[in-house]
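# Residue-level structural notes
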Amino acid sequence: MLTSLTSLMKIELVFISKIVFKISVNFNIQEHTIDLVSGDLLLIKGNNGQGKTTWLKRLSVADQRMDLSFNDSKIKSWDHNWLMSQAVLWHENGWLDALSVSGNMKQYGLIYDEAFSQKPMGALSAGQKQMLALKRVMMSNRPVWILDEPLSYLDKTKQCWFMDVIKLHGQIGGIVIVSSHHDLDIIESGRQQVVRL
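Residues numbered from 1 in each chain as written. Predicted model: local features only at pLDDT ≥ 70, side-chain atom pairs only at ≥ 80, totals over all residues. Heavy atoms only, no water.

### So, the side chain of aspartate 148
Along the chain, aspartate 148 turns up in strand E7 (residues 144–148). Here aspartate 148 occupies a buried position and makes no salt bridge, while the nearest side chain of opposite charge, lysine 57, is found at 6.3 Å. Within the structure, the side chain of aspartate 148 is placed 2.8 Å from the side chain of threonine 53, a separation counted as a polar contact. Not counting chain neighbours up to four residues away, the residues in contact with aspartate 148 comprise Thr53, Leu56, Leu89, Trp90, His91 and Ser179. (Helix = DSSP H or I, 4+ residues; strand = E, 2+ residues; numbered from the N terminus. Buried < 20%, exposed > 50% of the residue type's maximum accessible area, 1.4 Å probe, protein only. Lys, Arg positive; Asp, Glu negative; His and termini not counted. Salt bridge = Lys/Arg side-chain N within 4 Å of Asp/Glu carboxyl O. Polar contact = N/O pair within 3.5 Å; in protein donor to acceptor, adjacent residues only side chain to side chain. Contact = heavy atoms within 4.5 Å.)

### Side note on the sheet that holds strand E9 (residues 192–196)
The strand order E6-E7-E8-E3-E9 describes an open sheet built from five strands, whose pairing is parallel. At either end of the open sheet lies a strand with only one pairing partner, and these are strand E6 (86–89) and E9. Averaged over neighbouring strand pairs, the angle between their axes works out to 10° when direction is ignored. Pairing analysis gives five bridges linking E7 to strand E8 (residues 175–179), with the strands arranged parallel. Counted as the bridge partner of isoleucine 146 is isoleucine 177 from E8. Contacting strand E3 (41–45), E6, E7 and E8, helix H2 (residues 52–60) runs over the sheet at an angle of about 155° to E7. Strand contacts of helix H6 (residues 156–171): E3, E7 and E8, with the helix running at about 155° to E7, the strand carrying the most contacts. (Pairing = 2+ DSSP bridges. Axes fitted to C-alpha atoms, helices over the stretch in contact; angles between N-to-C directions.)

Dropping the structure here:
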């Protein structure tokens, strides 16, 4: 499966040296301490309106209400090294509809040259936009992926494809932190932890 995924995406596998990530946070009444190491997946589950997206956004900027450490160094709010170590995908996915697909990718410092790269982003379906957002995460070459509902708008085939991509990211040493309504029992090389909000 590794060969077919890498040839499909035209990416070169870069193995990530071991990373250790620790989160201590108070979820409403319950306090959680979560230790993640290379290959792990953290799944944040909860109904709509329970705060999954808010929690992920706070995590991504190292909000003061969270006690975070990355490779044994405490992370301060808006820490540049922490921000540069992660690739994020928000439910809104951050596209500008008036720009072309390639123009949107350039906003993230990426070159994207495929059949519909000159189409305006606004002309694409929600599923196509989501696939591009997922490809943007993959192309970022960051060890930590923070993903908000990454399987939204995708059909079953594309959902299975992206779950294989998450497996691959774990196998090369990455960490995935994801909110989802779906059960993601997919990690083979690391551990999967679940926090319910």
